[in-house]
Amino acid sequence: MTATGPEETPLTRRRGDATGLRIMITGANGGIGFWSTLQLARRGAEVIMACRNPEKGETAAQAIRARVPHARLHLVPLDVASLNSVAQAVDEISTRGPLDGLIANAGMVHTPRTRKESVDGLELVAATNYFGHYALIAGLLPVLEETPAARVVTLGSLSTSLVRARLEDPQLVKHYSPWRAYAQSKIMVQSFAFELDRRLRLSQSSTRALCAHPGYSISGRTQIIDGVNNPSPAKVLAGNLQRPFSQGKSQGAWPIVRAVLDTDDVDDPGPVFYGPRGLVRGVPRRATPAAITTDRWAANTIWNAAETATGISFLG
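Cut-off values and rules
- Each chain has its residues counted from 1, following the order in which its sequence is written.
- Where totals are concerned, whole chains, interfaces and linings use all residues; where local detail is concerned, this predicted model gives features only for residues with pLDDT of at least 70, and gives and counts side-chain atom pairs only at 80 or more.
- The side-chain values count all of the structure's non-hydrogen atoms but skip hydrogen atoms and water molecules.
- Pairing between two strands requires that DSSP report at least two bridges joining them.
- A run of H or I in DSSP counts as a helix once it spans at least four residues, and a run of E counts as a strand once it spans at least two, with each numbered from the N terminus.
- An axis is simply a line fitted to the C-alpha atoms; with a helix, the fit covers only the stretch in contact. Between two such axes, the angle follows the N-to-C directions and lies from 0 to 180 degrees.
- For this analysis, residues touch if any pair of their heavy atoms sits within 4.5 Å.
- Salt bridges are defined as contacts in which a side-chain nitrogen from Lys or Arg sits within 4 Å of a carboxyl oxygen from Asp or Glu.
- Only protein chains enter the calculation, and the probe is 1.4 Å; a residue is then buried if its accessible area is under 20% of its type maximum, exposed if over 50%, and partly exposed in between.
- Roughly parallel here means an angle under 35 degrees, roughly antiparallel means over 145, roughly perpendicular means 65 to 115, and every remaining angle is called oblique.
- The hand of a helix crossing depends on one turn: near helix anticlockwise from the far one by less than a right angle means left-handed, and clockwise means right-handed.
- Residue polarity is assigned by list, with Asp, Glu, Lys and Arg as charged and Ala, Val, Leu, Ile, Met, Phe, Trp, Tyr, Cys and Pro as nonpolar; anything else, Gly included, falls into the polar class.
- Only centres within 6.5 Å qualify two rings of Phe, Tyr or Trp (six-membered ring in Trp) as a pair; their planes then separate them into stacked at under 30 degrees, edge-to-face at over 60, and tilted for everything else.
- Both a distance and an angle decide whether a charge sits over a ring: NZ of Lys or CZ of Arg must be within 6 Å of the ring centre and within 35 degrees of the ring normal.
- Pairs of N or O atoms within 3.5 Å make up the polar contacts considered here, provided that, within protein, one atom can donate a hydrogen while the other can accept it, and that residues adjacent in sequence are counted only when both atoms are side-chain atoms.
- Here the expected span of a helix is defined as 1.5 Å times the quantity of residues minus one.
- Directions are taken from the helix axis to each C-beta atom, and the arc is the one they span.

Taken in spatial order, the eight strands of this open sheet run S3-S2-S1-S4-S5-S6-S9-S10, and their pairing is mixed. Every interior strand has two partners, whereas the edge strands, strand S3 (72–77) and strand S10 (284–286), have only one. Pairwise comparison of adjacent strand axes, ignoring direction, gives a mean angle of 20 degrees for this sheet. Along the sheet, helix H1 (residues 31–42) makes contact with strand S1 (22–26), strand S2 (46–51), S3, strand S4 (101–104) and strand S5 (151–155), crossing S1 at roughly 165 degrees. Relative to the sheet, helix H8 (residues 254–261) contacts S1, S4, S5, strand S6 (208–212), strand S9 (273–276) and S10, its axis offset from that of S5 by approximately 160 degrees.

Applying the stated rule across the entire model yields 13 salt bridges. We note a salt bridge from Arg-72 to Glu-46, for which the minimum N-O separation is 3.7 Å. Of this pair, Arg-72 sits in strand S3 while Glu-46 sits in strand S2, placing them 26 residues apart in sequence. Two residues, Asp-262 and Arg-258, come together in a salt bridge whose shortest N-O distance is 2.7 Å. You can call Asp-262 buried: its relative accessible area is 3%. Given the relative accessible area of 17%, Arg-258 is considered buried. Here the salt bridges do not stand alone but share partners, grouping Glu-195, Arg-198, Arg-199 and Arg-296 into one network.

Here H1 crosses H8 at 50 degrees, and the two axes come no closer than 9 Å. In this view, H1 runs oblique relative to H8, as classed from their interaxial angle. Helix-helix and strand crossings are classified by hand; for H1 and H8 the assignment is right-handed. Contacts between H1 and H8 pair Ile-32, Ser-36, Gln-39 and Leu-40 from the former with Trp-254, Ile-256, Val-257, Val-260 and Leu-261 from the latter. Of the residues in the contact of H1 with H8, the class split is seven nonpolar, two polar and no charged.

Once that is clear, we can look at the packing of aromatic side chains. A ring pair, where both rings are aromatic, is described by two values, the distance of the centres and the angle of the planes. Applying the stated criterion across every chain yields a total of twelve aromatic pairs. Geometrically, the ring pair formed by Tyr-134 and Phe-192 is tilted, given 5.5 Å between the ring centres and 55 degrees between the ring planes. With Tyr-134 in helix H4 (residues 124–144) and Phe-192 in helix H5 (residues 178–202), the pair connects residues that are 58 residues apart, well separated along the chain. Here Tyr-134 falls in the buried class, since its relative accessible area comes to 0%. Centre to centre, the rings of Phe-194 and Phe-273 are 6.1 Å apart; their planes meet at 90 degrees, and the pair counts as edge-to-face. Here the residue Phe-194 occupies a position in helix H5, and Phe-273 occupies one in strand S9, the gap between them amounting to 79 residues. There is no split in this pair, since Phe-194 and Phe-273 are both buried. A network of ring pairs unites the aromatic residues Tyr-130, Phe-131, Tyr-134, Phe-192, Trp-303 and Phe-314 as a single cluster. The ring of Trp-303 carries the charged tip of Arg-199 above its face, separated from the ring centre by 3.9 Å.

Right, let's talk about the side chain of Gln-247 for a bit. With respect to the helices and strands, the residue Gln-247 is situated in strand S8 (residues 247–248). Engagement of the side chain of Gln-247 in a polar contact is seen with the side chain of Ser-217, the distance being 3.3 Å. Beyond its immediate chain neighbours, meaning those up to four positions away, Gln-247 contacts Pro-214, Tyr-216, Ser-217, Ile-218, Arg-221, Gly-252, Pro-276, Val-280, Arg-281 and Gly-282.

With that settled, the discussion passes to helix H2 (residues 54–67). Since the α-helix packs 3.6 residues into each turn, any two residues three or four apart lie on the same face. Compared with the 20 Å implied by 1.5 Å per residue over 14 residues, the 20 Å span of H2 between its first and last C-alpha is a close match. Taken together, the buried positions of H2 are occupied by Gly-57, Ala-60, Ala-61, Ala-63 and Ile-64. Viewed end-on, H2 has its buried residues packed into an arc of 160 degrees, placing them on one side of the element. Relative to its buried face, H2 has exposed residues pointing more than 90 degrees away, namely Glu-55 and Ala-66.

It is worth spelling out the packing of H4 against H5 at this point. Between H4 and H5, the shortest axis-to-axis distance is 8 Å and the interhelical angle comes to 20 degrees. Taken as axis vectors, H4 and H5 run roughly parallel relative to one another. With respect to the hand of their crossing, H4 and H5 are arranged in right-handed fashion. On the side of H4, the interface is formed by Val-125, Ala-126, Asn-129, Tyr-130, Tyr-134, Ile-137 and Leu-141, while H5 contributes Ala-181, Tyr-182, Ser-185, Lys-186, Met-188, Val-189, Phe-192, Leu-196 and Leu-200.

See the structure below:
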């Protein structure tokens, strides 16, 4: 791939072409999800944009079509914090034919100061970042498995190495704090990806599950696009001050796009984890995941927590 604009990735990959692929991205209307959608549309993918807010989804789709006139985009309503919304999205997407990839991107970064619950009575951050995506992936796995070598990509985080997890309290009934809610949800997401991949391989499935993290990617370092990224002057100033150790969300999407397209690691037994070369910024490369996210006891605990929260079991 050769860069043609400020939002392009400068990478050249042997197998970066997405022509003919159908890829679903949750939270595709903003942040990493928007830039992943744009970069994949540029490479020829048909993208299913699963968005909680239909108006914001349409605004994002229009912004992409302005840059990629022949982009093949389809909007699907999805609130990953609602298991009913997840089930409806699964029903709709299952009628659209096989999926080549699913990027579980939607998530809550700015967490509540006090513990809140989703419409299903689950801790809101865990419901949004992990439990909803668990249910979505479980529901769409049969669709993914219709395509040889389909990919499931979840979004990890550097925060997985920076918090003491309370996995005995997955919904943080006793140990809630805004920071722990975010970081623990990312530990669960990252661990789930690796455990999902292990179970898929045991079942002889050709579908692979990978994880990628965007480094330190912030709005103030990201190209302004009306209705998609409109950082305040204060955020732009803060972004410029953090320039040596941050990047825009357009660059943060690179590891995610690589994870869903790159075939170099398709035969690797895993876990497969991508992140920026410079840890917080830079071109993507294979990264080392936090130890807790590859621990088998933690993986079983985290998987069981999702089964209990959602009432859904698969690949048991």
